[in-house]
There are 2 protein chains.
Amino acid sequence: MAIANTSLYEPLIESTASALAVRLGLFEDNLVLNCEEIGDGNLNLVFHITDPKSGKGVILKQALPYAKVIGESWPLTLDRARIESSALVKQAELAPGLVPEVYYTDQTLAITVMEDLSHLQIARKALMDRKKLPLLAEHIGTFLARTLFYTSDFALKPHVKKRLVKQFTNPDLCKITEDFVFTDPFFDFESNDFEPELREAAEKLWEDTHVKLEVAKLKRKFLTEAEALLHGDLHTGSIFVSETETKVIDPEFAFFGPIGFDPGQFIANLLLNALSREEQDQDFIFEAIEKAWNTFEVEFSAAWKKDSLERFSEVEGYLEHTLEQIFEDTIGFAGCEVIRRTIGLAHVADLDTIEPYSRRIESKIQALELGKKLIKNRLNINEPGQLKRFFRHAIAR
Amino acid sequence: MAIANTSLYEPLIESTASALAVRLGLFEDNLVLNCEEIGDGNLNLVFHITDPKSGKGVILKQALPYAKVIGESWPLTLDRARIESSALVKQAELAPGLVPEVYYTDQTLAITVMEDLSHLQIARKALMDRKKLPLLAEHIGTFLARTLFYTSDFALKPHVKKRLVKQFTNPDLCKITEDFVFTDPFFDFESNDFEPELREAAEKLWEDTHVKLEVAKLKRKFLTEAEALLHGDLHTGSIFVSETETKVIDPEFAFFGPIGFDPGQFIANLLLNALSREEQDQDFIFEAIEKAWNTFEVEFSAAWKKDSLERFSEVEGYLEHTLEQIFEDTIGFAGCEVIRRTIGLAHVADLDTIEPYSRRIESKIQALELGKKLIKNRLNINEPGQLKRFFRHAIAR
């Protein structure tokens, strides 16, 4: 693909990662640094480099030329490091404080050096720990509104938008989503991964022509609609949190796609977490979904009124129509994400750690029902306040 | 934009155009050639170079770095010559015999040398002359089905599709359509051009919130939906015809856009011609529209069944849904085209030559009504056979 110098690429190890950080002037050269490879993703090395005396640290992320999850046999372009660092820079400009700061990038080595966020916790883990995260929903709503509105045709001049679409063309990473979110889980494909007890429910899904037709339409949106620069992988494992801070990380899947995809993935992962909770603990999740969407809607609308370059923005009903369309897509994409995280290749810990096993299976069957119903009923769910009742109804057996 | 060597560019004149054709080996160098600049477009020089003895000829088309219609003050990228020649080559491969053959291209001089089609007539002129064109509709239906299906995600591998989208990024020419088809005619903008007698109808259009909301949605599709490689300017002035041949020319507006745009422009220009006819002469037009769409539908469906790479293509109802969506878009885009050709910057001779003047004004007011009704009712028009009745109803006052 777009990498010219793959021959100069080599994966770093802890000592060379530290040495690079010193060479970049991020640490003084007489320090004894700690360096630990902490990557738990599938596609990258992640080095956490710290000066134990000052406590100062940086993260050095290096893309691997293959996907670890399947082994070296599945090559992946290193160009995603360029995509990731460019997306982080763009998002920092549009949603300041909500993404890690980028200190340095090297396209040949596929490296991004960025702000150390080790004082924060991954949102998925925090939600599994039942932590209160009072600002998560509002922060993500703001992140979505600002990054999506300001990279859309509503805010960008046509030439600028089209140049960015080219810059963020990301076929390798899009292919992962096209296959593992929108295709494989809806057919009896080898890449799927689920417990034998789920086979009956999975087969029911594969025979459900209505669901598959709707997923076909949603996949087509993902393939063709270049509405805005998406994060592209906005699950709760891509968000660092504390009670006061939220940082969205890992935008290596960034590309111009349908706006509803990002909020859809975020909401889906909250719903997956809700499935792992007892009913009395679920309210925080539904409140978070409502808060995130309402914040998105308020801030998207404010940006539209303040900064839209589109002459038709003044037409009565156009903003409302646009938000309705985005919400409809959001619900549909959320349904796809819920299903693929249940029977597809990549699971979520929220479901996979449910104990006892019988309850885990039950929750996963509920997840499949919920996903199908979100996909089929996305036109009938008009606002996030309806989701709690819809969820309860979908999982009642 | 993408042109590195604009300093080496110079517009040809008749003598240098002939000399180039000889240098390219298209004619022997001892011949006395005729060369005539026959461009009547707004953006290009077109040289017709012939050997009067053998009758052999070629067309040499050179992009100008500005739009003639507004004068040199409106610069336009020469990159459109690359777009045009690449599109012609791609279309020739997909729809053999339905586009002129390309003999040579030079990106620095923004030149395409191609097959001489001077034995054919421009379809708009032929239709205005009330010629029988027994194969036009079928040929265009085939052209549309093959060029659009085989450049869509249904037929292309994801990487190939995304590479082509980048290759055919065409911001300058898209901007012309975004402004002059989808924006200016729907507001009281200076670029609009119409007779004073149309002002009342134009003002009614500009106050019609329903129409404007629907046009906003159609414009958004044009801006964001990269479904297939469009011709991008498929009016009847972009088609050469005889009773036996059809050649689609001038794809300099080519880019990846919504599939319905091409059939929409074609159908709109047939409807504009119908408006210039007496009722008893209109049947040929409605039959042509029906034939073109039915051919498109049959050939698109055949290609889908034979060559779709999309796993969801097998899902019951997906082909039908896709065709319905394309038809709905087609009708909407046709409505926009009918309106912009009536009160926008670029008119059509079909309407502008209607005599007497009072009948011309009447037809143009009918065109505005027709355009609005197509845009507003595109969900209710389900097949092209309904268009004749719809047309009659829309223009009845």
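Per an unreviewed UniProt entry, chain A goes by the name Methylthioribose kinase and belongs to Metabacillus sediminis. On record in UniProt, under Pathway (unreviewed entry), the comment for chain A is "Amino-acid biosynthesis; L-methionine biosynthesis via salvage pathway; S-methyl-5-thio-alpha-D-ribose 1-phosphate from S-methyl-5'-thioadenosine (hydrolase route): step 2/2."

Caption draft 1: Representation of the relation of the copies chain B and chain A in the model. Of the two same-sequence chains, chain B is brought onto chain A (RMSD 0.0 Å, axial shift 0.0 Å) by a rotation of 180 degrees. In short, the pair behaves as if placed about a two-fold rotation axis. Considering only C-alpha atoms, the residue of chain B closest to the rotation axis is B:Glu225, which sits at 2.3 Å. Of the interface residues in chain B, 100% have counterparts in chain A that sit at the interface too, so the contact is made through matching surfaces.

Caption draft 2: Region of interest: the nonpolar core. Within the largest apolar cluster, 196 residues are counted, with the highest numbers of intra-cluster contacts made by A:Phe186, A:Phe296, A:Phe300, B:Phe186, B:Phe296 and B:Phe300. Setting aside anything within four residues of it in sequence, one finds B:Phe300 in contact with B:Ala145, B:Phe149, B:Ile259, B:Leu319, B:Thr322, B:Leu323 and B:Ile326.

Caption draft 3: Layout of the UniProt feature "binding site: substrate" (unreviewed entry) in chain A. Residue and element names in this part refer to chain A. With numbering matched to this structure, UniProt assigns "binding site: substrate" (unreviewed entry) to Asp233 and Arg340. A maximum C-alpha distance of 13.2 Å is found for the annotated residues, which run over 108 residues; spatially they form one tight group. Examined against the element boundaries, Asp233 turns out to sit in the loop between β7 (228–230) and β8 (239–241). With sequence-adjacent residues up to four places away left out, Asp233 is seen in contact with Ser238, Phe253, Asp262, Gln265, Arg340 and Arg341. Along the chain, Arg340 turns up in helix α11 (residues 318–343). Beyond its immediate chain neighbours, meaning those up to four positions away, Arg340 contacts Phe180, Val181, Pro185, Asp233, Gln265, Leu345 and Ala346. Within the structure, Arg340 has its side chain in polar contact with the side chain of Glu337 (distance 3.0 Å).

Caption draft 4: Just the pairing of strand β4 (residues 102–106) of chain A, in detail. As defined by bridge partners, β4(A) adjoins strand β5 (residues 111–115) of chain A across 4 bridges and the pair is classed as antiparallel. Along β5(A), the bridge assignment pairs A:Val102 with A:Met114.

Caption draft 5: Structural context of the pattern of salt bridges. Inspection of every chain in the model, using the stated rule, returns 68 salt bridges over all chains. Note that A:Asp329 is salt-bridged to A:Lys221, the shortest N-O span being 3.3 Å. Residue A:Asp329 is located in helix α11, and its partner A:Lys221 is located in helix α8 (residues 209–224); the two are separated by 108 residues in the primary sequence. A:Lys221 gets classed as buried once you look at its relative accessible area, which sits at 16%. The shortest N-O distance in the salt bridge between B:Lys175 and B:Asp179 comes to 2.7 Å. With B:Lys175 and B:Asp179 both in helix α6 (residues 171–180), this residue pair falls 4 residues apart, about one helical turn. Each of A:Lys204, A:Glu369, A:Lys372 and A:Lys373 takes part in salt bridges that share partners, so that together they form one network.

Caption draft 6: Inspection of the packing of aromatic side chains at higher detail. In this structure the tally under the stated criterion is 43 aromatic pairs over all chains. When the ring of A:Phe182 is compared with that of A:Phe333, the centres are 5.8 Å apart and the planes differ by 75 degrees; the resulting orientation is edge-to-face. With A:Phe182 in the loop between α6 (171–180) and α7 (199–206) and A:Phe333 in helix α11, the pair connects residues that are 151 residues apart, well separated along the chain. Of the residues examined, A:Phe182 reaches a relative accessible area of 0% and is grouped as buried. We classify A:Phe333 as buried; its relative accessible area is 1%. Their ring planes at 45 degrees and their centres at 4.6 Å tell us that B:Phe154 and B:Trp304 sit as a pair that is tilted. On the criterion of sequence distance, the pair formed by B:Phe154 in the loop between α4 (136–149) and α5 (158–167) and B:Trp304 in helix α10 (residues 283–307) is long-range, its members being 150 residues apart. Relative accessible area serves as the criterion here: at 4%, B:Trp304 is assigned to the buried category. Aromatic ring contacts, followed pair by pair, group A:Phe149, A:Tyr150, A:Phe154, A:Trp293, A:Phe296, A:Phe300, A:Trp304, A:Tyr318 and A:Phe327 into a single cluster.

Caption draft 7: Structural view of the pairing of strand β3 (residues 57–63) of chain B. Residue and element names in this part refer to chain B. With 7 of its 7 residues buried, β3 lies for the most part within the structure. Neither face of β3 is exposed, since Gly57, Ile59, Lys61 and Ala63 on one face and Val58, Leu60 and Gln62 on the opposite face are all buried. Bridge count for strand β2 (residues 44–50) against β3 is 7 bridges, and the pairing is antiparallel. Paired with Ile49 across the strands is Val58, a residue of β3. With antiparallel pairing between neighbouring strands as the criterion, β2 and β3 make up a hairpin whose turn holds 6 residues, including Gly55 at a positive phi of roughly 80 degrees. Summarising the sheet, β3 and strand β5 (residues 111–115) pair through 5 bridges and their orientation is antiparallel. Residue Leu60 lies in a different strand from β5, and its bridge partner there is Val113.

Caption draft 8: Summary view of the sheet that holds β5(B). All names here are of chain B. Here we have 5 strands laid out as an open sheet, ordered β1-β2-β3-β5-β4, and antiparallel in their pairing. Either end of the sheet is taken by a strand with one partner, and the two such strands are β1 (34–37) and β4 (102–106). Between one strand axis and the next, the sheet turns by 15 degrees as a mean value, whatever way the strands run. Docked against the sheet, helix α2 (residues 79–94) engages β2, β3, β4 and β5, running at close to 30 degrees with respect to β5.

Caption draft 9: Local environment of the packing of α8(A) against α11(A). All names here are of chain A. At a minimum axis separation of 10 Å, α8 and α11 run at an interaxial angle of 115 degrees. Between α8 and α11, the interaxial angle falls into the category roughly perpendicular. As α8 packs across α11, the resulting crossing turns out to be left-handed. Within the contact between the two elements, α8 uses Val215, Leu218 and Lys221 and α11 uses Gln325, Asp329, Gly332, Phe333 and Cys336.

Caption draft 10: Examining the domain arrangement of chain A more closely. Residues and elements named next belong to chain A. Here chain A is described as being made up of domain 1 (2–115) and domain 2 (121–395). For domain 1 and domain 2, the distance between their C-alpha centroids amounts to 27 Å. Contact residues are listed per partner, giving 23 residues for domain 1 and 27 residues for domain 2. With both chains or domains summed, domain 1 and domain 2 bury close to 2200 Å², and 67% of this area falls on carbon and sulfur atoms. The largest per-residue losses of area from domain 1 upon contact with domain 2 belong to Ile83, Leu94 and Leu98, which jointly make up 29% of the total buried on that side. Put simply, domain 1 and domain 2 have 3 salt bridges between them. Between Asp250 and Lys61 there is a salt bridge, and its shortest N-O distance comes to 2.6 Å. There are 7 residue pairs in polar contact (both at pLDDT 80 or more) connecting domain 1 and domain 2. Per-element accounting of the side of domain 1 that touches domain 2 gives the leading share, 10 residues, to helix α2 (residues 79–94).

Caption draft 11: Quick peek at helix α5 (residues 158–167) of chain A. Looking only at α5(A), the buried set comprises A:Pro158, A:Lys161, A:Lys162, A:Leu164 and A:Val165. Considered in projection along α5(A), the buried side chains sweep an arc of 160 degrees and stay on one side of the axis.

About the thresholds
Residues numbered from 1 in each chain as written. Chains lettered and ligands numbered in written order. Predicted model: local features only at pLDDT ≥ 70, side-chain atom pairs only at ≥ 80, totals over all residues. Heavy atoms only, no water. UniProt positions renumbered as here; feature names shortened; annotations may be inferred. Least-squares fit on C-alpha atoms with pLDDT ≥ 70 in both. Contact = heavy atoms within 4.5 Å. Core = buried A, V, L, I, M, F, W, Y, C linked by side-chain atoms within 4.5 Å. Buried < 20%, exposed > 50% of the residue type's maximum accessible area, 1.4 Å probe, protein only. Helix = DSSP H or I, 4+ residues; strand = E, 2+ residues; numbered from the N terminus. Polar contact = N/O pair within 3.5 Å; in protein donor to acceptor, adjacent residues only side chain to side chain. Pairing = 2+ DSSP bridges. Salt bridge = Lys/Arg side-chain N within 4 Å of Asp/Glu carboxyl O. Phe/Tyr/Trp six-rings, centres within 6.5 Å; stacked < 30°, edge-to-face > 60°. Axes fitted to C-alpha atoms, helices over the stretch in contact; angles between N-to-C directions. Parallel < 35°, antiparallel > 145°, perpendicular 65-115°, else oblique. Left-handed = near helix turned anticlockwise from the far one by under 90°. Domains from an automatic or database assignment. Buried area = accessible area lost by both parts, 1.4 Å probe. Arc of directions from axis to C-beta.

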